[in-house]
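Understanding the architecture of this molecule
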Amino acid sequence: QVQLVESGGGLVQAGGSLRLSCAASGRTFSSYAMAWFRQAPGKEREFVAAKRGVSTYYADSGKGRFTISRDNAKNTVYLQMNNLKPEATAVYYCAATIGMVRSTEDMYDYWGQGTQVTVSS
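Quick caveat, the model's predicted, so the values are computed rather than measured.

**Description of the state of the cysteines**
Within this structure, the stated rule accounts for 1 disulfide. Two residues, cysteine 22 and cysteine 94, share a disulfide whose sulfurs are 2.1 Å apart. Taking the sign of the S-S torsion, -80 degrees for the link of cysteine 22 and cysteine 94, the bridge is left-handed. Of this pair, cysteine 22 sits in strand S3 (residues 18-24) while cysteine 94 sits in strand S9 (residues 90-98), and the two are 72 residues apart along the sequence. No difference in accessibility class separates cysteine 22 from cysteine 94, as the two residues are buried.

In C-alpha coordinates:
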(Lines give C-alpha, C1' and ligand atoms only; values in the text may rest on other atoms or scores of the structure.)
Protein backbone atom coordinates (compact mmCIF):
# COMPACT_ATOMS: atom_id res chain seq x y z
CA GLN A 1 0.00 0.00 0.00
CA VAL A 2 1.30 3.45 -0.94
CA GLN A 3 0.03 6.69 0.52
CA LEU A 4 0.56 9.92 -1.36
CA VAL A 5 0.33 13.43 0.05
CA GLU A 6 0.52 16.45 -2.23
CA SER A 7 1.48 19.97 -1.20
CA GLY A 8 2.56 23.23 -2.75
CA GLY A 9 -0.61 24.37 -4.46
CA GLY A 10 -1.92 27.88 -4.16
CA LEU A 11 -2.88 31.07 -5.94
CA VAL A 12 -0.45 32.56 -8.43
CA GLN A 13 -0.66 35.20 -11.12
CA ALA A 14 -0.36 34.29 -14.77
CA GLY A 15 3.30 34.00 -15.69
CA GLY A 16 4.26 32.90 -12.21
CA SER A 17 5.65 29.61 -10.94
CA LEU A 18 4.73 26.94 -8.45
CA ARG A 19 6.41 23.74 -7.33
CA LEU A 20 4.18 20.90 -6.25
CA SER A 21 5.46 18.11 -4.05
CA CYS A 22 4.14 14.62 -3.47
CA ALA A 23 5.48 12.62 -0.54
CA ALA A 24 5.03 8.86 -0.75
CA SER A 25 5.09 6.21 1.93
CA GLY A 26 6.71 2.82 1.39
CA ARG A 27 10.16 1.36 0.92
CA THR A 28 10.18 0.71 -2.80
CA PHE A 29 9.49 4.20 -4.09
CA SER A 30 12.02 3.89 -6.89
CA SER A 31 10.07 0.96 -8.34
CA TYR A 32 7.01 3.10 -8.91
CA ALA A 33 6.20 5.20 -11.90
CA MET A 34 5.02 8.53 -10.52
CA ALA A 35 2.71 10.87 -12.34
CA TRP A 36 0.84 14.12 -12.05
CA PHE A 37 -2.70 14.53 -13.31
CA ARG A 38 -5.03 17.49 -13.05
CA GLN A 39 -8.74 18.12 -13.11
CA ALA A 40 -10.18 21.49 -13.97
CA PRO A 41 -13.73 22.44 -12.97
CA GLY A 42 -16.24 20.71 -15.20
CA LYS A 43 -13.58 18.73 -17.04
CA GLU A 44 -12.21 15.22 -16.91
CA ARG A 45 -8.96 14.48 -15.19
CA GLU A 46 -6.02 14.69 -17.57
CA PHE A 47 -2.42 13.56 -17.65
CA VAL A 48 0.28 16.15 -16.97
CA ALA A 49 3.60 14.33 -16.57
CA ALA A 50 5.14 11.06 -15.41
CA LYS A 51 8.57 9.76 -14.54
CA ARG A 52 10.35 6.56 -13.61
CA GLY A 53 14.10 6.31 -13.88
CA VAL A 54 15.18 8.00 -17.08
CA SER A 55 11.73 7.67 -18.65
CA THR A 56 9.90 10.97 -18.57
CA TYR A 57 6.73 11.97 -20.39
CA TYR A 58 4.80 15.19 -20.60
CA ALA A 59 1.43 16.17 -21.94
CA ASP A 60 1.68 18.71 -24.74
CA SER A 61 0.08 21.32 -22.49
CA GLY A 62 3.10 21.38 -20.19
CA LYS A 63 6.04 20.74 -22.48
CA GLY A 64 8.71 23.38 -22.06
CA ARG A 65 7.08 24.88 -18.97
CA PHE A 66 6.56 21.96 -16.57
CA THR A 67 9.31 19.74 -15.17
CA ILE A 68 8.75 16.53 -13.24
CA SER A 69 11.52 15.31 -11.00
CA ARG A 70 11.87 12.90 -8.13
CA ASP A 71 14.12 12.36 -5.16
CA ASN A 72 14.04 8.65 -4.42
CA ALA A 73 15.97 9.16 -1.18
CA LYS A 74 13.14 11.38 0.06
CA ASN A 75 10.32 9.37 -1.52
CA THR A 76 9.15 12.57 -3.17
CA VAL A 77 8.14 13.60 -6.66
CA TYR A 78 7.93 17.22 -7.74
CA LEU A 79 6.24 19.19 -10.46
CA GLN A 80 7.85 22.52 -11.25
CA MET A 81 5.44 24.69 -13.19
CA ASN A 82 6.71 27.87 -14.83
CA ASN A 83 5.01 30.56 -16.88
CA LEU A 84 1.64 29.43 -15.61
CA LYS A 85 -1.48 30.23 -17.58
CA PRO A 86 -5.04 30.61 -16.27
CA GLU A 87 -6.02 27.38 -18.02
CA ALA A 88 -3.69 25.53 -15.66
CA THR A 89 -6.18 26.18 -12.85
CA ALA A 90 -7.12 22.74 -11.53
CA VAL A 91 -6.76 20.28 -8.72
CA TYR A 92 -3.45 18.51 -9.23
CA TYR A 93 -3.17 14.88 -8.23
CA CYS A 94 -0.16 12.70 -7.66
CA ALA A 95 -0.43 9.06 -8.72
CA ALA A 96 1.71 5.93 -8.51
CA THR A 97 1.88 2.58 -10.21
CA ILE A 98 4.36 -0.27 -10.23
CA GLY A 99 6.43 -0.59 -13.37
CA MET A 100 6.39 1.39 -16.56
CA VAL A 101 5.49 5.01 -17.00
CA ARG A 102 1.94 5.45 -18.24
CA SER A 103 -0.23 8.37 -19.21
CA THR A 104 -3.61 6.74 -18.63
CA GLU A 105 -5.18 7.32 -15.23
CA ASP A 106 -6.80 3.88 -15.16
CA MET A 107 -3.32 2.35 -15.00
CA TYR A 108 -2.46 4.09 -11.72
CA ASP A 109 -3.23 2.30 -8.49
CA TYR A 110 -2.57 4.94 -5.86
CA TRP A 111 -3.71 8.54 -5.69
CA GLY A 112 -3.23 11.49 -3.44
CA GLN A 113 -6.00 13.78 -2.26
CA GLY A 114 -5.04 16.58 -4.63
CA THR A 115 -3.83 20.13 -4.24
CA GLN A 116 -5.54 23.18 -5.71
CA VAL A 117 -3.68 25.39 -8.15
CA THR A 118 -5.34 28.64 -9.16
CA VAL A 119 -3.81 30.91 -11.77
CA SER A 120 -5.27 34.40 -11.97
CA SER A 121 -5.19 36.45 -15.16
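**Some remarks on the pairing of strand S4 (residues 32-39)**
Most of S4 sits inside the fold, with 7 of its 8 residues counted as buried. Bridge count between S4 and S9: 8 bridges; the pairing is antiparallel. By the bridge assignment, phenylalanine 37 is partnered in S9 with tyrosine 93. Pairing geometry for S4 and strand S5 (residues 46-52), over 5 bridges, is antiparallel. Along S5, the bridge assignment pairs alanine 35 with alanine 50. Between S4 and the antiparallel strand that follows it, S5, lie 6 residues; glycine 42 among them carries a positive phi value of about 75 degrees.

**Focus on the pattern of salt bridges**
Taken as a whole, this structure holds 3 salt bridges when the rule is applied. Arginine 45 serves as the salt-bridge partner of glutamate 105, at 3.1 Å between the closest nitrogen and oxygen. In this pair, glutamate 105 is assigned in the loop between S9 and strand S10 (110-111) and arginine 45 in the loop between S4 and S5, connecting sequence segments 60 residues apart. Judged by relative accessible area, which is 24%, arginine 45 ranks as partly exposed.

About the thresholds
Residues numbered from 1 in each chain as written. Predicted model: local features only at pLDDT ≥ 70, side-chain atom pairs only at ≥ 80, totals over all residues. Heavy atoms only, no water. Disulfide = S-S within 2.5 Å. Helix = DSSP H or I, 4+ residues; strand = E, 2+ residues; numbered from the N terminus. Buried < 20%, exposed > 50% of the residue type's maximum accessible area, 1.4 Å probe, protein only. Pairing = 2+ DSSP bridges. Salt bridge = Lys/Arg side-chain N within 4 Å of Asp/Glu carboxyl O.

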